[in-house]
Amino acid sequence: MKFKMVILTLLVSIAAAFFSPCSAVVEWSVLSRLQLDTLPIDVAVSLNDKWVFVLNDRGEVLVFSRDGSLKEKIIVGKNIDQIKVGPRENLLYLNSRKNKTVDIVEFDFIHKINTADSPFKGPADAPVVIAVFTDFE
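Everything in this summary refers to the structure shown in the same document.

Each value, and the rule that gives it
- Residues numbered from 1 in each chain as written.
- Predicted model: local features only at pLDDT ≥ 70, side-chain atom pairs only at ≥ 80, totals over all residues.
- Heavy atoms only, no water.
- Phe/Tyr/Trp six-rings, centres within 6.5 Å; stacked < 30°, edge-to-face > 60°.
- Helix = DSSP H or I, 4+ residues; strand = E, 2+ residues; numbered from the N terminus.
- Buried < 20%, exposed > 50% of the residue type's maximum accessible area, 1.4 Å probe, protein only.
- Pairing = 2+ DSSP bridges.
- Axes fitted to C-alpha atoms, helices over the stretch in contact; angles between N-to-C directions.
- Polar contact = N/O pair within 3.5 Å; in protein donor to acceptor, adjacent residues only side chain to side chain.
- Contact = heavy atoms within 4.5 Å.

This paragraph deals with the packing of aromatic side chains. For the structure on display, the rule yields 1 aromatic pair. Pairing F53 with F107 gives two aromatic rings, centres 5.6 Å apart and planes at 70°, and the pair type is edge-to-face. Here F53 is found in strand β2 (residues 51-56), whereas its partner F107 is found in the segment after β7 (101-106), with 54 residues between them in sequence. According to the relative accessible area criterion, F53 is buried, its value standing at 1%.

Let us look at the sheet that holds strand β5 (residues 82-85). Across the sheet, which stays open at both edges, the 3 strands sit in the order β5-β6-β7 with antiparallel pairing between neighbours. Edge strands, defined here as strands with exactly one partner in the open sheet, are β5 and β7. When strand polarity is set aside, the average angle formed by the axes of neighbouring strands in this sheet is 20°. Pairing analysis gives 6 bridges linking strand β6 (residues 91-96) to β7, with the strands arranged antiparallel. Along β7, the bridge assignment pairs L92 with V105.

It is worth spelling out the side chain of N56 at this point. Along the polypeptide, N56 turns up in strand β2. Residue N56 is classed as buried on the basis of its relative accessible area of 2%. Engagement of the side chain of N56 in a polar contact is seen with the backbone nitrogen of R58, the distance being 3.0 Å. Residues contacting N56, with those up to four places away along its chain left out, are T38, L39, P40, I41 and L62.

Both strand β1 (residues 40-45) and β2 contribute to a ladder of 5 bridges, which runs antiparallel. Residue V43 lies in a different strand from β2, and its bridge partner there is V54. Where β1 folds back onto β2 in an antiparallel hairpin, the turn is made up of 5 residues, including D49, whose phi is positive at roughly 65°.

Another point: the sheet that holds β1. The strand order across the open sheet built from 4 strands is β1-β2-β3-β4, with neighbouring strands paired in antiparallel fashion. Of all strands in the sheet, those with a lone pairing partner are β1 and β4 (70-75), marking the two edges. Sheet twist, expressed as the average angle between the axes of neighbouring strands with direction ignored, equals 20°. One ladder, built from 5 bridges, connects strand β3 (residues 60-65) with β4; its direction is antiparallel. The residue of β4 that forms the bridge with V61 is I74.

Encoded structure:
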């Protein structure tokens, strides 16, 4: 008898939760806006929230930084109709329904570092590569 009362009370509580009128208020605000000269087709955000990728109708992926400034344009072709970020920060998936393809693109940003008046060893105009390993565990 006690078990039946517990079940009945539980069923009444569940029914009241689902069928009782309730209202919710959602507060929201626009944090920033990217003003484009072209029609946006798709948007993807990097995993670290550092880059915003916008695919436009001209077949370009526009790369915006977190502050909304345009950093790069990557020409991918007008057949690309969807973009997704990969599991790493430098991978982008480009989907084409028309071509029935998925292109996996790896990219790196090249930054200029001002080394004027810095000490050096060897020729002053020797090329320098700085490798950053960010996947250490």
